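Structural overview for review
Here are the chains, one letter per residue:
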Amino acid sequence: MKRSNRLLQALAAAAGLALFLAAGPAPAAGVLAAGPAPAADAADAPQAHKDLVLRGDAKCTRCHDEDDDYPVLAIGKTAHGTTADARTPTCTSCHGPSAGHLAGPDASGQRPPPDFVFRGVHKSGADAINGQCLTCHKSDAARTHWMGSTHEERGVACTNCHQIHTGHDAVRDKLTQPTVCFTCHKEQRTMINKPSHHPIPEGKMGCSDCHNPHGSTGPSLMKKDTINDVCYTCHMEKRGPFVHNHEPVGENCALCHNPHGTTAENMLKARPPFLCQECHTPHGAYVAQVIGQGQTGTIAGQPPSITATSAGKAPINFMMARGCTNCHTEVHGTNNPSTANPTPQFNFR
Amino acid sequence: MALAMLAVFGPAWADDDAVAELSKPSSSVTVGGAAVSGDSKDRSIFGQYNGLRPDDAYLMLDFAYAHRDDATGTWTVVEGRNLGLESREIRAMYGPQGNWKIYGEYWELVRRYPRTINTSMEGAGTTTPIISRLDVPGTGSDIDLKTERKRTTVGGEKYIMPNLLFQASFVNEDKDGARLWGRGFTCPSTAAPTPVCPALASGANQYALLLVPEPISSTTRQIDAKLNYMGAKLTLIGGYYGSWYDNDYSTLNPTVVGNLNNPLGLPMGTPTGVALTSGLRNILQLPMALPPDNQAQQFYIDGNYAFTNTTHATFKYAYTHATQNESFAAAGFTDAPPGRSDLGGRLDTTLAQAGITSRPLPKLSLMANVRYEDEDDKTPIDLYNTEGTTTWTNGPIGHKKTSGKAEASYQLPWDFRGTAGFDYEKMDRGEVLSTDQLGGITGLRENTYERGWRLELRRSMGDYATGSLSWVTSQRNGSSWLKPLSGTSGGAIPADPDCASNGSNACIWSRTGIFPFIYEDRKRDKIRYLTDFTPTEKLDLQLAVEYGNDDYSAPTEKGLDSTRYNLYSLDASYAVNESWNLTGYYSYTQQGINQGHSTGYILNFKDKNSTAGVGIRGQANPRLKLGGDIMYILDRNVYDTGLDSGASASNIALLNSGQNYVPDAIFRDVRFKFYGTYALQKNADVKLEVVHDRTRLDEWTWGWNGVPWLYSDNTTVTLQPEQNVTFVSLVYTYRWR
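These notes cover the structure that comes with them. The residue numbering used here restarts from 1 in each chain and proceeds along that chain's sequence as written. Chains carry letters and ligands carry numbers; both start at the beginning, A for chains and 1 for ligands, and go up in the order they are written. For a predicted model such as this one, the threshold for reporting local features is a pLDDT of at least 70, and the threshold for listing and counting side-chain atom pairs is 80 or more; totals across whole chains, interfaces and linings nevertheless cover every residue.

1. Remarks on the overall build of chain B
- Numbering of helices and strands starts at the N terminus; helices are DSSP runs of H or I of at least 4 residues and strands are runs of E of at least 2. Scanning chain B for helices and strands turns up 6 helices and 39 strands.
- Dimensions of chain B, computed from the C-alpha atoms along their principal axes, are close to 95 × 65 × 55 Å.
- Field definition: a residue is buried when 20 or more other C-beta atoms are found within 10 Å of its C-beta, exposed when 12 or fewer are, and partly exposed for counts in between, with C-beta atoms placed from the backbone. Scored against the burial criterion, the 737 residues of chain B give a buried share of 35%.
- Restricting the contact set of chain B to residue pairs at least 6 apart, pairs at least 24 apart contribute 65%. A pair of residues counts as a contact when their C-beta atoms, built from backbone coordinates, are within 7 Å of each other.

2. Examining the overall build of chain A
- From N to C terminus, chain A includes 11 helices and 2 strands.
- Reading the secondary structure of chain A in the N-to-C direction produces α-α-α-α-α-α-α-α-α-α-α-β-β.
- Of all 349 residues assigned to chain A, the portion counted as buried reaches 48%.
- Long-range contacts, defined here as pairs at least 24 residues apart, represent 49% of the contacts in chain A between residues at least 6 apart.

3. Details of the interface of chain A and chain B
- Taken together, the contact between chain A and chain B spans 123 residues of the former and 177 residues of the latter.
- Those elements giving two or more residues to the side of chain A that touches chain B turn out to be helix 1 (3-22), helix 9 (186-191), helix 11 (247-251) and strand 2 (302-306) of chain A.
- For this classification, Asp, Glu, Lys and Arg are treated as charged, while Ala, Val, Leu, Ile, Met, Phe, Trp, Tyr, Cys and Pro are nonpolar and the rest, including Gly, are polar. Residue composition of the side of chain A that touches chain B, by class: 51 nonpolar, 48 polar and 24 charged.

4. Quick look at the pairing of strand 25 (residues 416-428) of chain B
Residue and element names in this part refer to chain B.
- Here, any two strands with at least 2 DSSP bridges between them count as paired. Of the strand pairs in this sheet, strand 24 (residues 399-411) and strand 25 are connected by 12 bridges, and their pairing is antiparallel. Directly across from Lys 400, in strand 25, lies its bridge partner Asp 428.
- The turn joining strand 24 and strand 25, which pair antiparallel and follow one another in sequence, is formed by 4 residues; a positive phi near 60 degrees is taken by Trp 414.
- Of the strand pairs in this sheet, strand 25 and strand 26 (residues 447-461) are connected by 13 bridges, and their pairing is antiparallel.

5. A short note on the sheet that holds strand 6 (residues 116-119) of chain B
Residues and elements named next belong to chain B.
- The strand order 8-6-38 describes an open sheet built from 3 strands, whose pairing is antiparallel. Every interior strand has two partners, whereas the edge strands, strand 8 (141-143) and strand 38 (716-718), have only one. Within this sheet the neighbouring strands show an average axis-to-axis angle of 30 degrees, counted without direction. Only the stretch in contact is used when fitting a helix axis, every axis being a line fitted to C-alpha atoms; angles between N-to-C directions are given from 0 to 180 degrees.

6. Brief notes about unusual backbone geometry
- Cis rather than trans, the peptide bond between Gly240(A) and Pro241(A) has omega equal to 0 degrees.
- Note that the residue after Cys187(B), namely Pro188(B), is joined by a cis bond; omega there is 0 degrees.
- Along the chain, the position of Pro188(B) falls in the loop between strand 11 (182-187) and strand 12 (206-211).
- Even without being a glycine, Ser98(A) presents a positive backbone phi close to 55 degrees.
- Structurally, the position occupied by Ser98(A) is in the loop between helix 3 (91-95) and helix 4 (99-103).
- Since 18 C-beta atoms lie within 10 Å of it, Ser98(A) is described here as partly exposed.
- Although it is not a glycine, Asn714(B) sits at a positive phi angle of roughly 70 degrees.
- Locating Asn714(B) in the fold gives a position in the loop between strand 37 (707-708) and strand 38.

7. Observations concerning the environment of Glu330(A)
- Tracing the sequence through the fold places Glu330(A) in the segment after strand 2.
- The exposure class assigned to Glu330(A) is buried, which follows from the 25 C-beta atoms found within 10 Å.

8. Section: the environment of Thr536(B)
Residues and elements named next belong to chain B.
- Within the secondary structure, Thr 536 sits in the loop between strand 28 (521-533) and strand 29 (539-553).
- Take Thr 536: there are 9 C-beta atoms within 10 Å of it, and that puts it in the exposed class.
- In the structure, Thr 536 is positioned 158 residues away from Arg 694 in sequence and 36 Å away in space, judged by C-alpha atoms.

9. Section: the nonpolar core
- To count as a nonpolar core, a set of buried Ala, Val, Leu, Ile, Met, Phe, Trp, Tyr and Cys residues must be joined through C-beta atoms within 7 Å. In this structure, Ala208(B), Leu210(B) and Leu280(B) are the most contacted members of the largest nonpolar core, which totals 81 residues.
- Where this core is concerned, the elements lending two or more residues are strand 11, strand 12, helix 3 (278-284), strand 17 (288-289), strand 32 (601-621) and helix 6 (649-655) of chain B.
- If you tally residues by element for this core, the top one is strand 12 of chain B, at 5 residues.
- Those residues in contact with Leu210(B) that sit more than four places away from it in its chain are Ile131(B), Gly182(B), Arg183(B), Gly184(B), Leu284(B), Tyr711(B), Ser712(B) and Asp713(B).
- Membership of the second largest hydrophobic core comes to 19 residues, among which are Cys60(A), Val72(A), Cys94(A) and Cys158(A).

10. Overview of the pairing of strand 21 (residues 364-377) of chain B
Residues and elements named next belong to chain B.
- By the bridge criterion, 13 bridges tie strand 20 (residues 345-361) to strand 21 in an arrangement that is antiparallel. Bridging from a neighbouring strand, Asp 348 pairs with Asp 376 of strand 21.
- Two successive antiparallel strands, strand 20 and strand 21, enclose a turn made up of 2 residues.
- Sheet topology places strand 21 next to strand 24; 12 bridges connect them, and they run antiparallel. Considered in strand 24, the bridge of Asn 369 is made with Lys 405.

Geometric values such as these leave the question of function open.
Next comes the structure, spelled out in C-alpha cells:
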C-alpha cells in the first residue's frame with residue numbers, strides 16, 4: 001500500500017472513531033427534520049376519507065399518500081396489501097396506534113412521530129422495530145432461529161434490509177440483494193468480482209442462496225446446519241464418502257475455498273502448491289517456481305537442470321497448470337477401490 | 001417519481017386509477033436486442049456466467065405477470081428473466097394468500113471456463129478420450145469447456161389449520177458438460193514398484209502430465225417436506241430432507257496413442273532415454289474414478305418457545321443417514337479387495353442445538369446456546385491400499401463437534417450498548433485408525449479445543465449515527481500430536497509425550513515436517529469497526545475498518561505460520577436534489593499468509609485488493625431517467641519469498657539469484673455502465689444500456705513470459721490476458737395492470 005493511502009486510511013479511521021466515541025446524545029426530535037409538520041391541518045379536515053389500500057388506512061392516507069418523502073401506497077402491491085388475507089396488517093399494526101401523532105402538533109408546535117418509526121431521525125430502536133415485525137413473522141419457519149442469531153444480537157433491524165412500502169423489495173431479488181448485504185459486509189463486496197467467483201454479480205445467485213440472515217443453526221448464518229451441507233446442495237458430487245477420503249473435505253469446504261471469490265482458480269484461498277503445503281510436506285527438494293518452464297538445460301541459479309529424463313516431481317510441475325492436482329487429481333476424494341499398483345490413495349483418481 | 005409522472009400524464013389519470021396504479025400489482029414485458037463486441041476469447045472473463053460469451057447478438061426478453069384477485073387474495077405470478085440468453089429462468093406461483101400456494105421454477109446456468117484448450121485430443125469431455133502428441137503446440141483444435149445446469153423446482157404449501165402449515169418442495173438439477181482435469185505420473189515410483197513402473201537405465205526417469213477433461217452428466221434431486229406448528233408460545237417444525245446424487249458416468253478411461261513429450265518438449269527418447277514405456281502408458285490408461293452416486297436422508301425437528309415475552313428458547317434436533325454404495329464392478333473396477341462389491345459407505349450424523357435468550361432487566365440481554373454434532377462414520381474398513389507388500393486400509397472421517405457461546409449485552413448511557421461474550425468449541429476427530437495411511441502428513445491430533453472472548457461497544461442514534469467497535473480473541477490448542485503410520489506392519493501409532501522437547505528427526509516428526517494447520521495451535525484476534533453517519537439529510541457516510549490476525553504454532557516452524565487481514569472501506573451517498581443522487585465507495589483489503597517449507601522458502605503472500613465505485617442516478621426531466629456506474633478493481637497477489645537457514649545449496653542459489661521465480665498475479669477490471677430510460681407514455685418506456693468492461697489478468701498458471709505451459713502431449717491452455725468488451729442493449733418495456 002502506498003504511504004499516502006495508508007495516511008488517508010488512518011485519518012479516516014481516526015475521524016470515524018472520534019465521531020463514534022465523542023458524539024453527544026442523539027439530537028432532539030426535529031433537529032434534523034427541519035420544516036413544518038407534514039400536513040398538520042389535514043388531520044382536522046372535516047371531509048370523510050375512504051381507505052385507499054389497507055383496511056382502516058384512511059386516518060393515515062388522508063395525509064400520507066404518495067408524496068416523495070414517505071410514499072406508502074405501493075404496499076398495496078405486496079403480500080402486506082392483500083386485504084383478503086385476514087392476517088394482513090393495517091398501518092397501525094406496524095406503526096402503533098400513534099395517538100399523539102394523530103392528535104396533531106403538541107405544545108412545541110411539532111407533530112409527535114408515530115409510535116414506531118422505521119427510518120429517519122425518529123427511527124425506533126432495532127428491538128422495537130423487530131418486535132413489530134415479529135408479531136406476525138415470529139412463527140415463520142425461516143425465522144425460527146432469529147432470537148440469538150448474529151443479526152439479532154448485533155441490533156440489525158428488519159428494515160435495515162427490507163423495504164415495506166414498495167412493490168420491489170431489493171433484498172428479496174437476487175439481482176439487487178448483494179448490494180443490500182454489502183451495506184455492512186464490505187469484504188465480500190471486494191471479492192465477488194474477482195475472476196473466480198460464484199455467479200453473484202451476474203444475478204444468478206444471491207447471498208440468501210447460502211445464508212439465512214434470519215438465523216440458523218449453522219455457522220455464519222448458513223442456510224443449513226453446516227457449511228458443507230450448503231455446498232452439497234449444488235456440489236453433491238463432493239459429498240462421498242469415498243474409498244479414499246481427503247479428510248478436510250468432509251470437515252469444512254471453506255478450509256481451502258473462499259466462496260466469495262478469489263484470483264486463484266476454483267475459488268481457492270491460495271494457489272497450489274502453497275495451499276497444499278499448509279498441511280503437506282512432500283516434494284521438498286526444490287522451491288516451487290515458475291521460471292524455467294519451457295526452457296531446456298540448466299538455467300542460471302535454478303535447480304534442477306532440465307534434461308530429457310528429469311524427474312516428474314520437478315518444482316515447475318507442481319507449481320504450474322493445476323499445481324499439485326496435476327497428479328493428485330481428485331482432491332475431494334476418489335472411489336477407486338483398486339488394489340493393483342499403483343493404488344489410488346495418494347493420487348486420488 | 002409519481003408526482004413527475006402525474007405532471008406529464010396527469011390528464012389521463014383519474015384519482016382512483018392513480019391510486020390503483022400505485023397500489024395494485026402490475027405486469028410488464030421487456031423486449032429488445034443486445035450486441036456484444038469482439039469474439040468469444042475477447043469476452044471469456046466477462047461472459048463466464050452471464051450467457052453473453054458465445055454469440056455477438058442476443059434477444060433480450062423479460063416479462064413479469066402479476067395478478068391478484070382482491071376478493072379472494074389469490075395471486076397469479078409468472079416471471080421470466082434472460083429468456084433470450086443461456087442464463088434464462090422462469091418462475092410461477094399461484095394460490096390464495098394465507099391458504100395455499102403452488103410454485104415452480106425453471107433455471108439455467110452455463111458456466112463457460114474462461115480459458116481455451118488447444119489439443120489434438122479426440123473425444124475431449126467424453127469418458128473415452130484418445131490422447132496423442134500434437135507435433136507443434138498451438139496447432140490443434142480449440143476446445144472451450146463448459147458446464148450447464150438446468151434446475152427445475154416445484155413446491156407448494158397449505159395451511160391445514162390457521163396454525164398448521166405444510167410445505168414441500170422438489171428440486172431436480174441436471175448438470176452436463178466437462179471441466180478441467182488431468183492426470184500425471186512418474187516412473188520409477190514407490191507406489192508402483194517394479195515391474196509395473198521400473199527405473200530406466202542409469203536411474204533415468206520418465207513422466208507424463210496429461211490434461212483429461214472430466215465428463216459430467218449427473219442429476220441431483222432434493223426433497224424437502226415439513227409441517228409447521230405455530231402456536232402462541234411454541235413454534236415446532238418437523239421435517240424431512242432427502243438428497244440424491246446420480247452420476248451417469250462412473251469412470252474415465254483415457255487412451256494414449258503413440259509417444260509423448262519428454263521434459264525438453266521433444267518426443268521421449270530424444271536425444272536420450274527411450275520412447276514412452278508400456279509401464280507408464282498402462283498407468284496413464286488406468287480407469288479414473290468419477291464421483292459415485294450417493295444419497296442422504298434427514299429427519300429433523302426445529303423450533304422455538306417463548307417462556308415469556310422476554311425469554312425465548314430455540315432448538316433443533318436432526319438425524320441424517322448418508323450412504324454411498326455404488327457397485328465397483330458396475331463402475332468397471334475389477335480389482336477391489338476380495339469380497340468387497342462396494343464401499344458400503346455410511347455416515348450417520350446427529351445434530352442437537354439449543355439456545356436461550358432473555359432480557360431479565362430492560363437494559364440487560366442474555367444469550368446462550370450449545371450445539372453438538374456427531375458424524376459417525378460406519379463405513380467398513382478394508383485393505384484398499386497396496387505398495388508392493390505393504391498394505392493399508394481406508395480410514396474413518398467422522399468427528400464430534402461441540403460448541404457453545406454465552407453473551408451478555410447491557411444498555412449504557414448515551415445510547416451505547418456493551419456486549420461481552422464467550423465462545424467454546426471442541427473438535428473430536430476420533431481415534432486415528434492404526435492401519436490408515438495419510439499422505440504427506442507429519443502429525444495428527446485427535447482433539448482440538450478453542451476458547452474465545454468477544455467484546456463489543458455499539459451506539460445507535462436513529463438514522464443519524466450508528467457505530468460499533470468489536471474485538472474477538474480466541475486460543476486453540478489440542479491433544480498430543482500423533483505420528484501417522486507406515487502401513488499395517490507399522491503397528492500402533494506412537495505418541496511420545498517428550499517429542500516437544502526432543503526436537504530430533506528420531507522423534508515422531510521431522511524438524512522440517514509440516515503439521516496441518518487445521519490441527520495446529522492458533523491464536524486469533526479480530527477487530528472490527530463500523531460506523532454510519534448522516535451529518536445532513538443529503539449526505540450519508542459509512543466507514544469500516546477491520547483487522548484480523550491468526551498465529552499458528554506447531555512442533556516445527558514449517559507450514560502455516562500466520563495469516564493477516566485488513567480492510568478499510570469508505571462509502572458515501574449524496575442527494576444532490578430531489579432528482580439526482582450520487583454514490584461512491586472505496587475499499588482496500590489485504591490478506592496475508594506466512595508459511596515455510598522444507599525447501600527453505602519462507603512465503604509472505606499478500607493479496608492486495610482495491611475496489612472502488614461511483615454511481616449516479618437521476619431524473620433529467622419527467623420523461624428521462626439517467627444513471628451510470630464506474631467500478632474499478634485492482635487485485636494483486638504478491639508472492640514475496642524469503643530464505644531460511646535450512647535451505648539446500650541449490651535452493652539458496654535460486655533464492656539468491658534475484659530471479660522472479662514466483663511472479664505476482666494481477667487482475668484489473670474497470671467497468672463502465674450507463675443507461676437511460678425514456679418514458680414514451682405513462683406505461684411504456686425504452687431503455688438504452690451501455691456497458692464497457694476492460695479486464696486484464698496477468699498470471700503464470702498456464703504460461704509465463706510468453707511461453708505456454710506444455711502438457712506431455714503439447715496441449716496448451718491459454719487466456720487472452722487483456723479483454724475489452726462493449727455491451728449495448730436497447731429494450732422496450734410495456735406495463736399494464
